[in-house]
Amino acid sequence: MTQEAHVTQGPLTTEAGAPVADNQNSETAGVGGPVLVQDQLLLEKLAHFNRERIPERVVHARGAGAYGTFTVTADVTPYTRAAFLSEVGKETEVFLRFSTVAGNLGAADAVRDPRGFALKFYTEEGNYDLVGNNTPVFFIRDAIKFPDFIHTQKRDPYTGSQEADNVWDFWGLSPESTHQVTWLFGDRGIPASYRHMNGYGSHTYQWNNAAGEVFWVKYHFKTDQGIKNLTQGEANRIAGEDPDSHQRDLRQSIERGEFPSWTVQVQIMPAADAAGYRFNPFDLTKVWPHEDYPPIEIGRLELNRNPQNVFAEVEQSIFSPAHFVPGIGPSPDKMLQGRLFAYGDAHRYRVGINADHLPVNRPHATEARTNSRDGFLYDGRHGGAKNYEPNSFGGPQQTGRALWQATSADGPTGNHPTPVHAEDDDFVQAGTLYRLMPEEEKERLVAGLAGAIAPVSREEIAERAIGNFRKADADFGKRLEAAVQALRG
Ligand code: HEM
C-alpha cells in the first residue's frame, strides 16, 4: 500500500482552531520593526516544534515497523489455551517493529549488531507482545548485568564514541557472552535487510493448556525470503551510501505488494524434562539443540501494511515482555524476569503513563477494562464510570484464573548464580557453532573478530577476549590470536 492521501479541507488554523491569516510573515511593530509577543501563531509554532521529539529508546532506538497477520497452521491446543492459537486457520492482526540495538535514532541500518524483532499480537484476550531478536541467544544471562553491558556498547563518557576497549573488556570479563559474540561476528551478524533474517523469542516461555499442564517453549520465525547477509565490506559501503537501507527496503517491498513472511515454529519441552535437561533451559546464552527438541511449525506471519505516520505508530509504539495473555507466561529465566519490569518502566518514562491508549498500542480485538485513570494526556475515555473494584455498579470483575500456571520455588533467597546443568559451561555451544561453520565463514569470522579486537589499547584486555574463543575451540583461538597479532604488528 502506498502512502494514503491525507487532504484536509478548509483554512489553516491555529492549534485551537482559529483561522490563520498569514503563515509566511510574523507580526512586527511597523514594517521592519521588532516581532510582537501578541503573535500567538509564531509562539505556538516555535514552542510546539521545540517539543516534537520524545526521548529515543535507550537501546533499539533505530527501527522500522509494519502491520500484518498471524495465521495458525497447526493444532497447539494440547500445549496452550491461548485463544488466538485455538484453531487452525485463525488470523490475528500484528504489528512488528524491527531495529538495531546500539545505534542512535539516526544511525545507519547496515551495521554489525543484533536486530530487534518485536511483535505485538492484537488478540481477543488482550495484546500479547513477543519482544525478541534475530538471534536465538544473548550476551548475558542475568538482567543485573544489562546496564553495564549496554554502557560498553554505547558512547564512552569521555570520548563520546563507542570504544573497542569497553566492548572487549566487558565481553572478555563476561565469558558467557562467547556464544552470542561468535554468532554476531559470523555471517548472520549483518543481515541484508529486515526481510532476509529470522526472528527468535530467544527466552524460554511458559505455555499452559486447558488442563493446567505446563510446557516450556522457544519461538522461531524462519524467513520465507531466505537468509541474506552482507559482508563487512558491503555493509560499510551501504551504511555510507544509504543509511536507511533496511527501513526503505521494508516499506518499499510492502508498497510493491511483496509481503514478507515468516514460518513460525516452536520447540516444546514438557515441564518434567526441565530439571534433568543437559543445559539449563532457562539460560539465555544457550540454545536447545534441535535434535533434543525439534522445532514444529505452528503458524505463518505476514507483513502487509505500512504505518502511515512513523512517529505515531513506530516511535511511540511500545512492546513489553510482560504483556501476556491467558495460556502464556514467563519462565524463571533471570534475564526475562528483569525485562518484565524494564519495559513498562521505559514506556512510562519515554512515552508517558497513557502510552497504552495510543492507537498502535491499545488492544484492537478487545478493549482494556482497567481502573487505572488520569495522568498526563488522559483522554477521558472512561467517562463517569466507577474507578474501583469490587463495585456494586456492574463494573468489570476479576476472573479468578491466572494467565499462567504456578511453578514451584524453594530454598533460601540470595544472589544465586544461574544453576548449572550437566553439560553447561560458557563455551560449549560457541565451540559447536564455530565447528559447524564452513571454512570460508570461519575465515570471515576470524577476520571480523581480529579487526574489532586489534584497536584495543591494553594487551591483557585483548588476550582475555581471545582466551574465551580459545576455550570454545583451540583452532578458533589459535587462528584468532595469529590474526590479531598480524594486525597489531
Ligand atoms: C535484562 C535484559 C534487558 C533489558 C533490561 C532490556 C531493556 C530494554 C529497554 C529499556 C528497551 C527500550 C524500550 C522502550 O523504550 O520502548 C528495550 C528495547 C528492546 N529490547 Fe531489550 N532489554 C533486555 C534484553 C533484551 C533481550 C534479551 C532481547 C531479545 C531477545 C531484547 C529485545 C529488545 C527489543 C526488540 C527492543 C525494541 C522494542 C521496540 O521495538 O520498541 N532486549 N530493551
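Treat the numbers as computed from the prediction; the structure is a model and nothing was measured.

## Points about the environment of V181
Piece 1. Structurally, V181 is set in helix α4 (residues 178–185).
Piece 2. Residue classification places V181 among the buried residues on the basis of 23 C-beta atoms within 10 Å.
Piece 3. Residues V181 and W171, spaced 10 residues apart in sequence, show a C-alpha to C-alpha distance of 8.2 Å.

## A closer look at helix α8 (residues 334–350)
Piece 1. Here α8 spans 24 Å end to end across 17 residues, near enough to the 24 Å set by a 1.5 Å rise per residue.
Piece 2. Roughly 25° is the biggest bend found in α8, and it falls at L340.
Piece 3. Taken together, the buried positions of α8 are occupied by K334, M335, L336 and H347.

## Some thoughts on the environment of Q162
Piece 1. Relative to the helices and strands, Q162 is located in the loop between α2 (146–153) and α3 (164–173).
Piece 2. Its 14 C-beta neighbours within 10 Å are what place Q162 among the partly exposed residues.
Piece 3. Measuring from C-alpha to C-alpha, the distance between Q162 and A272 comes to 45 Å, with 110 residues separating the pair along the chain.
Piece 4. Ignoring any residue separated from it by four or fewer positions in sequence, one finds Q162 in contact with A102, Q153, K154 and R155.

## Quick look at the UniProt feature "binding site: heme" (unreviewed entry) in the protein chain
Piece 1. The UniProt record annotates "binding site: heme" (unreviewed entry) at Y343.
Piece 2. Checked against the element boundaries, Y343 lands in helix α8.
Piece 3. Residues within four places of Y343 in sequence aside, it is in contact with V131, F319, S320, P321 and A322.

## So, the site of the ligand
Piece 1. The local shell around the ligand holds 27 residues, among which H60, R97, G116, A143 and S202 are the closest.
Piece 2. Only β2 (91–100), β3 (115–123), β4 (126–133) and α8 provide two or more residues apiece to the shell around the ligand.
Piece 3. A per-element tally of the shell around the ligand places α8 first, with 8 residues.
Piece 4. For the shell around the ligand, the per-class residue count stands at 13 nonpolar, 10 polar and 4 charged.

## What about the domain arrangement of the protein chain?
Piece 1. Partitioning the protein chain into domains gives domain 1 (63–137 + 197–357) and domain 2 (140–173 + 427–489).
Piece 2. Counting residues at the interface gives 13 residues for domain 1 and 10 residues for domain 2.
Piece 3. By residue number, the principal contributor to the side of domain 1 that touches domain 2 is α8, which donates 5 residues.
Piece 4. Counted by class, the side of domain 1 that touches domain 2 contains 4 nonpolar, 5 polar and 4 charged residues.

## Digging into the packing of α3 against helix α11 (residues 459–472)
How two helices sit against one another is set out by the angle between their axes and by the gap between those axes.
Piece 1. Between α3 and α11, the least distance of the axes is 8 Å, while the angle of their chain directions is 45°. Judged by the inter-axis angle, α3 sits oblique to α11. For the element pair α3 and α11, the recorded crossing hand is left-handed. Mapping the contact onto sequence places D165, W168, D169, W171, G172 and L173 in α3 and I461, A462, R464, A465 and N468 in α11.
Piece 2. Tallied by class, the residues present in the contact of α3 with α11 amount to 6 nonpolar, 2 polar and 3 charged.

## Re the environment of D113
Piece 1. Following the sequence through the fold, D113 ends up in the loop between β2 and β3.
Piece 2. On the basis of neighbour count, D113 is assigned to the buried category, with 21 C-beta atoms found within 10 Å.
Piece 3. Residues D113 and W183, spaced 70 residues apart in sequence, show a C-alpha to C-alpha distance of 10 Å.
Piece 4. Dropping the residues within four chain positions of it, D113 is found in contact with T100, V101 and A102.

## Remarks on the UniProt feature "domain: Catalase core" (unreviewed entry) in the protein chain
Piece 1. Mapped onto this structure's residue numbering, the UniProt feature "domain: Catalase core" (unreviewed entry) falls at residues 13–397.
Piece 2. Between the C-alpha atoms that bound residues 13–397 there is a distance of 45 Å. The span itself is 21% helix and 19% strand.

## Digging into the nonpolar core
Piece 1. Counting residues in hydrophobic clusters, the biggest one holds 89 residues, and the most contacted among them are V94, I453 and L480.
Piece 2. The two domains that each donate at least three residues to this core are domain 1 (63–137 + 197–357) and domain 2 (140–173 + 427–489).
Piece 3. For L480, the contacting residues outside a window of four places in its chain are V446, L449, A450, I466 and F469.
Piece 4. In terms of nonpolar packing, the next biggest core, distinct from the first, is built from 6 residues, A110, I190, A192 and L230 among them.

## Overview of unusual backbone geometry
Piece 1. Omega for the peptide link from E389 to P390 comes to 5°, which places this bond in the cis form.
Piece 2. Within the secondary structure, P390 is located in the loop between α8 and α9 (428–436).
Piece 3. The residue D374 is not glycine, and still its phi comes out positive at about 65°.
Piece 4. You can see D374 is positioned in the loop between α8 and α9.
Piece 5. Assessed through the 10 C-beta atoms surrounding it within 10 Å, D374 is described here as exposed.
Piece 6. Positive phi, normally seen in glycine, also occurs at L377, with a value near 60°.
Piece 7. When you line up the elements, L377 lands in the loop between α8 and α9.

Basis of the calculations
- Residues numbered from 1 in each chain as written.
- Predicted model: local features only at pLDDT ≥ 70, side-chain atom pairs only at ≥ 80, totals over all residues.
- Helix = DSSP H or I, 4+ residues; strand = E, 2+ residues; numbered from the N terminus.
- Buried ≥ 20, exposed ≤ 12 C-beta atoms within 10 Å, placed from the backbone.
- Expected span 1.5 Å × (residues − 1).
- Bend = angle between axes of the 7 residues up to and from the residue.
- Contact = placed C-beta atoms within 7 Å.
- UniProt positions renumbered as here; feature names shortened; annotations may be inferred.
- Near = placed C-beta within 6 Å.
- Nonpolar A, V, L, I, M, F, W, Y, C, P; charged D, E, K, R; others polar.
- Domains from an automatic or database assignment.
- Axes fitted to C-alpha atoms, helices over the stretch in contact; angles between N-to-C directions.
- Parallel < 35°, antiparallel > 145°, perpendicular 65-115°, else oblique.
- Left-handed = near helix turned anticlockwise from the far one by under 90°.
- Core = buried A, V, L, I, M, F, W, Y, C linked by C-beta atoms within 7 Å.

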